[in-house]
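Observations on the model geometry
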Amino acid sequence: MAGLTVNGHIVDIDADPQTPLLWVLREHLGLTGTKYGCGAGLCGACTVHLDGEAAFACQVPLDAATGRAVTTIEGLSPTGEHALQRAWVAEQVPQCGYCQSGQIMQAAALLSANPRPARADIVDTMSANLCRCGTYLRIVKAIERAAE
Ligand code: FES
């Protein structure tokens, strides 16, 4: 049994300590907004926050997340009205949508650390998250809109 804080709630997880956090979130807690893309730390579809910093949930074992604050896309805003979520809608960012929760979580960590990022900072940070539909330009525009 491992105690984990997810979106402000303490939960007990009965799983192997080496279970990737991604599967704990999806399979044990039903938080399916965090996506499986590569499982190898290469795509960013599984991006969540650990103590406010972006992390790839497929690369974090349960025991490494225990005692830390995990935030998923479901916990980013209780109303879905985070500035980034509004900007994502306004800029009509998603195409297939699969990678977008990871993109938003990466962007949210960026804006927390740097509320007025230069375009180069946005491009550099967001290069960690891949989008097979190529929505990159709209992602940058949405982050700039949210930062205004
Ligand atoms: Fe975690 Fe691709 S699924 S980085």
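Looking at an unreviewed UniProt entry, the chain carries the name 2Fe-2S ferredoxin-type domain-containing protein, with the source organism given as Tistrella bauzanensis.

1. Brief notes about the environment of Val6
Among the secondary structure elements, Val6 is positioned in strand β1 (residues 2–6). The exposure class assigned to Val6 is buried, which follows from the 22 C-beta atoms found within 10 Å. Residues Val6 and Thr66, spaced 60 residues apart in sequence, show a C-alpha to C-alpha distance of 9.9 Å. With residues up to four places along the chain from it excluded, the contact list for Val6 reads Val11, Leu29, Val70 and Thr72.

2. Focus: the packing of helix α4 (residues 83–90) against helix α5 (residues 100–113)
Following both chains from N to C, one finds α4 and α5 inclined at 130°, their axes separated by 10 Å at the closest point. Accordingly, the angle class assigned to the pair α4 and α5 is oblique. Crossing of α4 against α5: the hand is right-handed. Across the interface between the two elements, Leu84, Gln85 and Trp88 of α4 pack against Gln100, Ile104, Ala107 and Ala108 of α5. Across the contact of α4 with α5, the residue classes break down as 5 nonpolar, 2 polar and no charged.

Definitions and cut-offs
Residues numbered from 1 in each chain as written. Predicted model: local features only at pLDDT ≥ 70, side-chain atom pairs only at ≥ 80, totals over all residues. Helix = DSSP H or I, 4+ residues; strand = E, 2+ residues; numbered from the N terminus. Buried ≥ 20, exposed ≤ 12 C-beta atoms within 10 Å, placed from the backbone. Contact = placed C-beta atoms within 7 Å. Axes fitted to C-alpha atoms, helices over the stretch in contact; angles between N-to-C directions. Parallel < 35°, antiparallel > 145°, perpendicular 65-115°, else oblique. Left-handed = near helix turned anticlockwise from the far one by under 90°. Nonpolar A, V, L, I, M, F, W, Y, C, P; charged D, E, K, R; others polar.

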